[in-house]
Amino acid sequence: MATEGDVELELETETSGPERPPEKPRKHDSGAADLERVTDYAEEKEIQSSNLETAMSVIGDRRSREQKAKQEREKELAKVTIKKEDLELIMTEMEISRAAAERSLREHMGNVVDALIALTN
C-alpha cells in the first residue's frame, strides 16, 4: 500500500521525466530584421502647404489647357464636311460604327482613301 509520501514521489518522477531544454529565440526571422533596417533609414519629410498648393495649381492648369485644346480640336473636326456616301462606304467596308467612321473621315479632312488606310493600319 502506498502512503502519502510514496504518491508524492511518483508525481515528481512523472513531471521530472524527460527534461526539455529551454527554447532559444529563433534567428530565422531575417525578413523582419531586413525590413527594420530598410525602414530605419527612411527620412520623414514634412510637406509644406505652399508646395502642395503650387503643385495642385500646376496640375489644374495643365488639365484645363488639355481640355481647351481638345475642345478646339473637336470644333475644327466639326467644321470638316463629309459626304454621306463616303461615311456609309467606310461603315460597310470596315464594319465599324457610324461614330467611328465619321471620326476617321473628319480626322482625314473627308479623304476616304486616307481614312480607310488609317483604319486598316
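One can find the structure itself at the top, above this paragraph.
Residues numbered from 1 in each chain as written. Predicted model: local features only at pLDDT ≥ 70, side-chain atom pairs only at ≥ 80, totals over all residues. Heavy atoms only, no water.

1. Some words on the overall build of the chain
Condition: A run of H or I in DSSP counts as a helix once it spans at least four residues, and a run of E counts as a strand once it spans at least two, with each numbered from the N terminus. Three labels apply to residues, based on accessible area from a 1.4 Å probe with only protein chains included: buried if under 20% of the type maximum, exposed if over 50%, partly exposed otherwise in between. Values of accessible area rely on a 1.4 Å probe in the Shrake-Rupley scheme; residue burial ignores everything except the protein chains shown.
Of the regular secondary structure elements, the chain holds 6 helices and 0 strands. Taking all 121 residues of the chain together, the buried fraction comes to 10%. Total accessible area on the chain is roughly 11,300 Å²; 52% of this is exposed by carbon and sulfur atoms.

2. Examining helix H5 (residues 98-107)
Each α-helix winds once per 3.6 residues, and so residues spaced three or four apart point in a common direction. Under the convention used in this document: In what follows, residue pairs with any heavy atoms lying within 4.5 Å of each other are defined as contacts.
Residues of H5 that are buried: Ala101, Ser104, Leu105 and Arg106. Where H5 is buried, its residues touch helix H3 (49-79), helix H4 (84-94) and helix H6 (112-120). Directly after H5, the chain includes Met109, whose backbone phi takes a positive value near 55°.

3. A few points about H4
Operational definition: When we speak of the arc, we mean the arc of directions from the helix axis to the C-beta atoms.
Those residues of H4 that fall on the buried side of the exposure criterion are Asp86, Leu87 and Ile90. Considered in projection along H4, the buried side chains sweep an arc of 100° and stay on one side of the axis. When the buried face of H4 is taken as reference, the exposed residues oriented beyond 90 degrees from it are Lys84, Glu85 and Thr92. Following H4 by one or two positions, Glu95 has its phi on the positive side, about 55°.

4. Describing the side chain of Arg106
For the record, the criterion: By the criterion applied in these results, polar contacts are pairs of N or O atoms within 3.5 Å in which, for protein atoms, one can donate a hydrogen and the other can accept it, and in which residues neighboring in sequence qualify only through two side-chain atoms.
As for its position among the elements, Arg106 is in helix H5. From its side chain, Arg106 meets the backbone oxygen of Leu77 in a polar contact 3.2 Å long. Every residue in contact with Arg106, bar those within four places of it in the chain, is listed here: Leu77, Ala78, Val80 and Ile82.

5. A few points about the pattern of salt bridges
As a reminder of what qualifies: For this document, the term salt bridge refers to a Lys or Arg side-chain nitrogen within 4 Å of an Asp or Glu carboxyl oxygen.
If you walk through the whole model with that rule in mind, you get 4 salt bridges. Arg98 is the salt-bridge partner of Glu88, the closest N and O atoms lying 3.8 Å from each other. Here Glu88 is found in helix H4, whereas its partner Arg98 is found in helix H5, with 10 residues between them in sequence. Here Arg106 and Glu102 are joined by a salt bridge, their closest N and O atoms 3.0 Å apart.

6. Examining unusual backbone geometry
Backbone geometry places Glu95, a non-glycine residue, at a positive phi of 55°. Its place among the elements puts Glu95 in the loop between H4 and H5. Glu95 sits in the exposed class, given a relative accessible area of 71%. Even without glycine at this site, Met109 takes up a positive phi of about 55°. By secondary structure assignment, the location of Met109 is in the loop between H5 and H6. Look at Met109 and you get exposed, because its relative accessible area is 57%.

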